[in-house]
Amino acid sequence: MRAPSPILRVENVSVKFLRRTGTRKFFGFGGKEIFTAVNRVSFEIPAGKTVGLVGESGCGKSTLGRAILRLQSIDSGKIFCGNDEISRFPTARMPLPLRRKIQMIFQNPYASLNPRQTVSNVLSEPLEIHFPEMTAREREDEIVALLEQVGLNAAHRLRYPHEFSGGQRQRIAIARALAVKPELIVCDEPVSALDVSVQAQIIDLLKKIQAQTGVAYLFVAHDLAVVEDLSDYVLVMRSGEIIERGTPEEVYGSPQSDYTKTLLAAVPRL
Ligand SMILES: Nc1ncnc2c1ncn2[C@@H]1O[C@H](COP(=O)(O)OP(=O)(O)OP(=O)(O)O)[C@@H](O)[C@H]1O
Ligand SMILES: [Mg+2]
């Protein structure tokens, strides 16, 4: 019997940017260079599992996450969601049923929520787009259920984002991602902007949601301790490349590359 296809398969993906070098143009030459932010990256995420992606600032983690969401075009390689090749769709032109399957949570819950929308509006919008057959009443019930799923309640739906703490805002962002019943959520440093105690609550919430719904995560972090606890599989990224990969036991227990050893040495361990 064939193994079920993974929810996400990234094959040899590269993303390049044209960057100004700061040097002066010389007879029309120079002044720009090609910078490879993601360099021939391949990996898979099985349904319902968590893959942790770690690496220093600027190594290409967010660019890779954005490429998976099709918010960033890729220069080569392929990305599959289940059996569908999503990389063949131009950025932001992914068909709705496929777009629904992969959602994203960003690092900064202050910037990712529209300050002019009430929580009810924030959660209604994806429901209206992806489930147009829902009645207003059904939508209302669904919004309350989503808020309860992330540890908030019905009374919160009439409030605006600025009336919440950072941790609560991240809960709203999680509810928004969950609204469309995704199969994968790309979590781009979802707790980095939060207080340590709140970080633990959000991580627990994400674990609980995974146990309830079977959603898979690509969890981006620079904090290796967070990823170790959460991940079924870990990828270590440096300068656009995956330089080490394995189970948390392998990567943390017997790191192969000096870079991973350096990252680990920087983490206070209990
Ligand atoms: N639109 C862009 N144009 C040019 N260069 C870019 C663009 N977006 C990102 N980069 C560059 O690509 C590299 C990778 O950036 P990226 O945001 O993916 O890093 P990161 O690993 O997420 O870092 P951090 O941990 O700080 O969030 C950086 O050198 C960045 O300057
Ligand atoms: Mg980033």
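These lines cover the structure that appears in this document, whether it is placed above or below. If you're wondering where the values come from, they're calculated on a predicted model, not measured in any experiment.

**As for the packing of aromatic side chains**
Scanning all chains against the criterion turns up zero aromatic pairs. Residue placement shows arginine 9 over the ring face of phenylalanine 80; its charged tip is 4.2 Å from the ring centre. A cation sits over an aromatic face here: arginine 159 above phenylalanine 164, 4.5 Å from the ring centre.

**Thoughts on the site of ligand 1**
Neighbouring ligand 1 are 13 residues; Ser57, Gly58, Lys61, Ser62 and Thr63 lie closest to it. The contact in question runs from an oxygen atom of ligand 1 to an N or O atom on the side chain of serine 57, over 2.5 Å. Contact distances for ligand 1 include 2.7 Å between an oxygen atom and a backbone N or O atom of glycine 58. Burial of ligand 1 by the surrounding chains reaches 64%, relative to a free accessible area of 640 Å². Per element, the largest residue contribution to the shell around ligand 1 is three residues, and it comes from helix α1 (residues 61-68). Broken down by class, the residue content of the shell around ligand 1 amounts to four nonpolar, five polar and four charged.

**Details of unusual backbone geometry**
Not every positive phi belongs to a glycine, and arginine 70 is a case in point at roughly 65°. In this fold, arginine 70 is placed in the loop between α1 and β4 (76-81). Its identity is not glycine, yet glutamate 189 carries a phi of approximately 50°, on the positive side. Relative to the elements of secondary structure, glutamate 189 occurs in the loop between β7 (184-188) and α6 (196-213).

**Concerning the sheet that holds strand β8 (residues 216-221)**
What the six strands build is an open sheet, ordered β6-β7-β8-β3-β9-β10; its pairing is mixed. Of all strands in the sheet, those with a lone pairing partner are β6 (102-105) and β10 (241-246), marking the two edges. Direction aside, the axes of adjacent strands within the sheet are offset by 20° on average. Relative to strand β9 (residues 233-238), strand β3 (residues 50-54) runs parallel, the two sharing four bridges. Its bridge partner lying in β9, valine 51 is registered against tyrosine 233. Packed onto the sheet, helix α5 (residues 166-178) meets β6 and β7 and runs at close to 175° relative to β6. Along the sheet, helix α9 (residues 258-265) makes contact with β9 and β10, crossing β9 at roughly 105°.

**Quick look at the pairing of β8**
Along β8, six of the six residues are buried, which leaves the element largely enclosed by surrounding structure. Here β8 shows no split at all, with Ala216, Leu218 and Val220 on one side and Tyr217, Phe219 and Ala221 on the other all buried. Taken together, the five bridges between β3 and β8 define a ladder with parallel strand orientation. When the sheet's bridge partners are listed, valine 54 is paired in β8 with alanine 221.

How each quantity is defined
Residues numbered from 1 in each chain as written. Chains lettered and ligands numbered in written order. Predicted model: local features only at pLDDT ≥ 70, side-chain atom pairs only at ≥ 80, totals over all residues. Heavy atoms only, no water. Phe/Tyr/Trp six-rings, centres within 6.5 Å; stacked < 30°, edge-to-face > 60°. Lys NZ or Arg CZ within 6 Å of the ring centre and 35° of its normal. Near = heavy atom within 4 Å. Polar contact = N/O pair within 3.5 Å; in protein donor to acceptor, adjacent residues only side chain to side chain. Areas by Shrake-Rupley, 256 points an atom, 1.4 Å probe, with all protein chains shown as cover. Helix = DSSP H or I, 4+ residues; strand = E, 2+ residues; numbered from the N terminus. Nonpolar A, V, L, I, M, F, W, Y, C, P; charged D, E, K, R; others polar. Pairing = 2+ DSSP bridges. Axes fitted to C-alpha atoms, helices over the stretch in contact; angles between N-to-C directions. Contact = heavy atoms within 4.5 Å. Buried < 20%, exposed > 50% of the residue type's maximum accessible area, 1.4 Å probe, protein only.

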